Amino acid sequence: MLAADPTPSLSVTAGDAKLRVAIVGAGPSGLFAAQALTASEAIGRVDIFDRLPTPFGLLRYGVAPDHPNIKQVGDALERVLRHDRVEFYGLVDVGVTLPLDELRYTYDAVILSFGATGDMLLKVPGEELHGSRSGREFVEWYGGHPDAAHQSLTGKDAVAVIGVGNVAVDVARVVLKDVSSLAITDMPQEVLDELDQHRRTASERHDVYLIGRRGPQHAAFTTKELRELLDLPGLRVTVTDGDLEQVDTAVLDRRTRSNVEAIRDAVERSAASDGHDGPTLHLMFWSRPVRMTGDGMVEHLVVERTAMVDGLLTGTGEETVLNVGLVLRAVGYRGEPLPGVPFDRERAVIRNQAGRVIDEDGRQVPGLYTAGWIKRGPTGVIGTNKPDAVETVASLLTDLVGTTPKTGRVAAEDLLINHGLAIARFEDWLAIDAEERRLGATQGRARTKVATWDELTDLALGREDSDA
Ligand code: NAP
């Protein structure tokens, strides 16, 4: 922990003639960038800043809790944070509590890798009603993100998930999965309790509608993730009549053919089994949401059948009303601009060429780079961020190796203390980590996430819990 010092003094860094780089965002892309930077002897120091007191970004808060294998990447990324030329500064909100310009003045280069923190919108009436939530918000809730608002599932026997990408599949699976198999994950206890309560009180017919605006052959999900959903024990799977029949699998690539076959298998299996009294997953392709209605809360989702006409997705006018109490809009994350940084509003990414930030006229902004989802858009798996970060670091090293480092500038610690910021360092994250493991052990699991700002900052800043 670094506490605010009322009488700060400015120390200067030694003129060791090596480059210093700041990274904004300690998620996979920022940490992969740090890893690539430390491979160069020209880099003397890499300081990683994050708004949260916890590193790992989407790996911690976006990867589904029941996918522990993906989370193992965290072990490799933690080694990056332990590197003797890498420092972690959590609880620093660059652009809010620390101006970006000060980082740019202090460091030879700044890499912006703060991810995509917003949501794509459907732009349909009723989208703002209670009970309409983005997939990102729902994922953050069950993933224990401290910003996430509580999600009540009481009375939500029918849920619609819009979009047919892997986030849609993740949220549908969590809603449908047996709670005992989630209880071994690191989900916050409060989330498990809500899911458990929901299962106990939900009617036997528990319906989830997964809604794709195009056909099953166009869905973005990957087959492994899709099968994990379709193969949930006791799940009945249906598909709208005609959606599979019109697919010519002979013309499909391997992934999309496997997707269609997985759906066909699951639907046939469900049709063959009788006496079903468990949950049902309704796959509705060629359907797009047109409005949500309800008295302050979502009560109905109206979807319209679609068709491809002359290569354009078109509404047919045929509407279906679904009685649902929760609509999860999993139609993509969206990057948010950082004031003063050139932003491509259409693509919702920082303007860049191979990670070099450029202005509207294509001129390079000196010393400013970007990596990850805010560089290329919200696509790809965790591993995709490695080559992406390597590309950015290659651009940075090409530009800066051989130039004179900015020696004599303020050290990171002083910069932060001068702004009166209480900072979480790597060892403070380890205190959170230890508490999560301790909590988990009391519940027979490896980890239970600490999910509130108060608890996280108390642990990070070494404050005693007054209730303890
Ligand atoms: P995605 O893969 O881009 O899927 C978005 C889905 O939303 C698509 O089906 C898209 O349909 C649909 N959509 C977009 N706008 C829509 C609208 N206005 N109305 C109706 N549907 C709309 O995005 P994502 O699911 O958010 O995933 C982001 C990335 O993370 C992906 O690369 C994904 O693979 C990855 N991820 C991976 C895992 C995993 O490996 N387990 C888990 C989660 C996420 P169209 O195709 O018609 O536009």
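Scroll up for the structure.
No experiment lies behind these values; they were computed from the predicted model shown. (Residues numbered from 1 in each chain as written. Predicted model: local features only at pLDDT ≥ 70, side-chain atom pairs only at ≥ 80, totals over all residues. Heavy atoms only, no water.)

A.B. asks: How should the packing of helix α1 (residues 28-38) against helix α4 (residues 73-81) be read in this particular structure?
C.D. replies: Two elements in contact, α1 and α4, have axes separated by 9 Å at closest approach and are oriented at 50 degrees. Relative to α4, the element α1 is oriented oblique. Between α1 and α4 lies a crossing whose hand is left-handed. Contacts between α1 and α4 involve Pro 28, Leu 31, Phe 32, Ala 34 and Gln 35 from the first element and Val 73, Leu 77, Val 80 and Leu 81 from the second. Partitioned by chemical class, the residues of the contact of α1 with α4 number eight nonpolar, one polar and no charged. (Axes fitted to C-alpha atoms, helices over the stretch in contact; angles between N-to-C directions. Helix = DSSP H or I, 4+ residues; strand = E, 2+ residues; numbered from the N terminus. Parallel < 35°, antiparallel > 145°, perpendicular 65-115°, else oblique. Left-handed = near helix turned anticlockwise from the far one by under 90°. Contact = heavy atoms within 4.5 Å. Nonpolar A, V, L, I, M, F, W, Y, C, P; charged D, E, K, R; others polar.)

A.B. asks: Would you mind showing me how to read the packing of aromatic side chains here?
C.D. replies: Note on aromatic pairs: each is described by the distance of the centres and the angle between the planes. Under the criterion given, the structure shown has six aromatic pairs. Summarising the aromatic geometry, the rings of Phe 49 and Tyr 107 are spaced 6.2 Å apart at their centres and angled 85 degrees between planes, so their arrangement reads as edge-to-face. A residue pair is termed long-range when its members are at least 10 positions apart, and Phe 49 in strand β2 (residues 43-50) and Tyr 107 in the loop between α5 (100-106) and β4 (109-112) qualify at 58 residues. Exposure remark for Phe 49: the relative accessible area of 0% places this residue in the buried category. Classification of Tyr 107 by relative accessible area gives buried; the value is 0%. The interplanar angle of 70 degrees and the centroid separation of 5.2 Å between the aromatic rings of Tyr 333 and Trp 373 together place this pair among those described as edge-to-face. (Phe/Tyr/Trp six-rings, centres within 6.5 Å; stacked < 30°, edge-to-face > 60°. Buried < 20%, exposed > 50% of the residue type's maximum accessible area, 1.4 Å probe, protein only.)

A.B. asks: Explain the site of the ligand here, please?
C.D. replies: Looking at the ligand, there are 20 residues lining it, with Val 164, Val 167, Arg 213, Arg 214 and Gly 380 nearest. One of the backbone nitrogen or oxygen atoms of Val 167 is found 3.1 Å away from an oxygen atom of the ligand. In terms of residue count, the dominant contributor to the shell around the ligand is helix α7 (residues 166-176) (three residues). Here the residues of the shell around the ligand sort into 10 nonpolar, six polar and four charged. (Near = heavy atom within 4 Å. Polar contact = N/O pair within 3.5 Å; in protein donor to acceptor, adjacent residues only side chain to side chain.)

A.B. asks: Would you mind going over the pattern of salt bridges with me for this structure?
C.D. replies: Pairing between side chains of opposite charge can happen when their charged atoms approach one another. Counted under the stated rule, the structure contains 35 salt bridges. The residue Asp 186 makes a salt bridge to Lys 449 at a minimum N-O spacing of 3.9 Å. Of this pair, Asp 186 sits in the loop between α8 (179-182) and α9 (189-201) while Lys 449 sits in the loop between α15 (426-442) and α16 (453-460); the two residues are 263 residues apart in sequence, bridging distant segments of the chain. Accessibility expressed as a relative area gives 5% for Lys 449, which makes it buried. A single salt-bridge network, built from bridges that share partners, covers Arg 45, Asp 47, Glu 87, Glu 413 and Arg 425. (Salt bridge = Lys/Arg side-chain N within 4 Å of Asp/Glu carboxyl O.)

A.B. asks: Explanation requested: unusual backbone geometry in the structure shown.
C.D. replies: Backbone phi values are negative for most residues with the exception of glycine, while trans is the configuration of most peptide bonds. Look at Leu 91: it is not a glycine, yet its phi comes out positive at around 70 degrees. Relative to the helices and strands, Leu 91 is located in the loop between β3 (86-90) and α5. Residues other than glycine seldom take positive phi values, yet Trp 286 does so here, at roughly 50 degrees. Among the secondary structure elements, Trp 286 is positioned in the loop between β10 (280-284) and β11 (287-293).

A.B. asks: Before we go on, may I ask you to explain the sheet that holds strand β12 (residues 300-309) in this structure?
C.D. replies: With respect to topology, three strands assemble into an open sheet ordered β11-β12-β13, the strand pairing being antiparallel. The sheet is open, and its two borders are formed by β11 and β13 (312-323), each paired with just one other strand. Neighbour-to-neighbour, the strand axes of the sheet open up by a mean angle of 25 degrees, direction not taken into account. The pairing of β11 with β12 spans six bridges and is antiparallel. Counted as the bridge partner of Ser 287 is Arg 305 from β12. (Pairing = 2+ DSSP bridges.)

A.B. asks: I would appreciate a short explanation of the sheet that holds strand β18 (residues 352-353) in the present structure.
C.D. replies: Within a sheet, adjacent strands bond to each other through the backbone by hydrogen bonds, running parallel or antiparallel. Strand order across the open sheet formed by seven strands is β3-β2-β1-β4-β20-β19-β18, with mixed pairing between neighbours. Edge strands, defined here as strands with exactly one partner in the open sheet, are β3 and β18. Bridge count for strand β1 (residues 19-24) against β2 is six bridges, and the pairing is parallel. Following the sheet pairing, Ala 22 is matched in β2 by Asp 47. Relative to the sheet, helix α13 (residues 385-400) contacts β1, β2, β4, β19 (356-358) and β20 (364-370), its axis offset from that of β20 by approximately 150 degrees.

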